[in-house]
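# Structure assessment
What follows is each chain in one-letter form.
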Amino acid sequence: MAQVIFDHVDKRFDTVVALDNFNLEIHDGEFLVLVGPSGCGKSTALRCLAGLEEITSGKIYIGEREVTQVPPKDRDIAMVFQAYALYPHMSVRDNLAFGLKLRHTPKEQIEKRVSEVAAMLGLDPLLDRKPKALSGGQRQRVALGRAIVREPQVFLMDEPLSNLDAKLRVQTRAEIIQLQQRLGTTTVYVTHDQVEAMTMGHRIAVMNAGVIQQLDTPENLYERPANMFVATFIGSPAMNVFPAQVVKDDGTLKLVFDENELTLPPDRIGSLDENAGKTVMAGIRPEHLTLKNGVVVAGDATMQLPVNLVEPLGSETLVHMQAPGGELIVARIDPSAHVKVGDRIELLVDLSRIYAFDAQSGQALN
């Protein structure tokens, strides 16, 4: 096990900047997830760490050793790719053992490690099969086992669940979490799926355009996003964002959105006091909009909007509405509420969960 450090790493492909002054410290034994949209640089960062891409400038450390110029085979890492990359002519047993044989590991030790990993991953009944006789989930477990059997300092995983169906993806995700907890090996995991990131990572680095937008725990990313990009990327459905004017009225601050006024509680003001009279981007998550069925009491804030689309999902219903300014607003409501397209509904806004972002920079203001 070892810590991993990216120290002011740049990676350019001709004029394309893949990583821009990339700084990241991954703790010993940590499960860290790199997440972001396609083209954000997350896989490039992983490949630079593996030595599969040569960095333009900066340094990379694994443990106490700088590995910037060290060949991939000498970095003591094991990588699991999106494609299983198993040898089709070899049995599961031979696929698991192949890396150890290349390193001239003693035969008795190879057999011991293969046996232990096969038992850990439930591959015992499959050891004599060829990859073509395995399901997708079984092949992915063999690919994981091939990495584990080497006992590296760092595991690198590049979207390893992308080729699995939804049910198997959830199952394998849980298996990877349990394996990492059992082994305690430093793990860097790349995904574009923010649900995977939130459920798997001790910490998550949200990336965009080669830059880490925020590095934090899943809880903090969700509750305290550093900017509008993180706020709208983390969470499903995404946070609702709409322009609102900051109005100061008798010592209180309000966000005025079309004909709706949202009075901010003291703990949600932050630096908004300095933005009185300006337009900011207000944010509220779908789960913090509740269908209003009773009398509005003092202190309540409501929004009235027409329904454009209703998505019943069984345990919840997503209601899509369009504001007069054209902004799409989504609310997550109880499935027992009978809402249909064309209805004009009144939503209660949880004022303790209102966010505000600078209209130009996107940085969080509260």
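Going by the structure above, here's the rest.
Residues numbered from 1 in each chain as written. Predicted model: local features only at pLDDT ≥ 70, side-chain atom pairs only at ≥ 80, totals over all residues. Heavy atoms only, no water.

## Section: the packing of helix α2 (residues 92-102) against helix α4 (residues 136-148)
Packed helices, taken two at a time, are described by their axes: the angle between them and the distance between them. Packing of α2 against α4 brings their axes to within 8 Å, and their N-to-C directions diverge by 30°. What the angle tells us is that α2 and α4 run roughly parallel. Regarding α2 and α4, the two cross each other, and that crossing is right-handed. Facing V92, N95 and L96 of α2, the residues of α4 in contact are V142, G145 and R146. (Axes fitted to C-alpha atoms, helices over the stretch in contact; angles between N-to-C directions. Helix = DSSP H or I, 4+ residues; strand = E, 2+ residues; numbered from the N terminus. Parallel < 35°, antiparallel > 145°, perpendicular 65-115°, else oblique. Left-handed = near helix turned anticlockwise from the far one by under 90°. Contact = heavy atoms within 4.5 Å.)

## A word on the environment of E64
Considering the arrangement of structural elements, one finds E64 in the loop between β4 (57-62) and β5 (65-66). Classification of E64 by relative accessible area gives exposed; the value is 76%. Note: C-alpha distance between E64 and L161 (97 residues apart in sequence) is 31 Å. (Buried < 20%, exposed > 50% of the residue type's maximum accessible area, 1.4 Å probe, protein only.)

## Here we look at the state of the cysteines
For the coordinates displayed, the defined rule picks out zero disulfides. Note on C48: no disulfide assigned, nearest cysteine sulfur contributed by C40 at a separation of 13 Å. By relative accessible area, C48 is classed as buried at 1%. (Disulfide = S-S within 2.5 Å.)

## Observations concerning the sheet that holds strand β13 (residues 260-263)
If you walk across this open sheet you meet the five strands as β13-β12-β11-β14-β20, and the pairing is antiparallel. Strands at the two margins of the open sheet, each flanked by one partner only, are β13 and β20 (355-357). Averaged over all neighbouring strand pairs, the angle between strand axes comes to 40°, with direction disregarded. Two strands pair when backbone bridges link them, and strand β11 (residues 240-249) and strand β12 (residues 252-257) are joined in this way by five bridges, in the antiparallel orientation. Opposite Q245, over in β12, you have V256 as the bridge partner. (Pairing = 2+ DSSP bridges.)

## Quick look at the sheet that holds strand β19 (residues 344-349)
Read across the sheet, five strands follow the order β15-β19-β16-β17-β18 without closing on themselves; strand pairing throughout is antiparallel. Each end of this open sheet is capped by a strand with a single partner; those strands are β15 (289-291) and β18 (328-333). Across the sheet, the axes of successive neighbouring strands diverge by a mean angle of 50°, strand direction being ignored. In terms of strand pairing, strand β16 (residues 302-312) meets β19 through five bridges, oriented antiparallel. Residue L305 lies in a different strand from β19, and its bridge partner there is I345.

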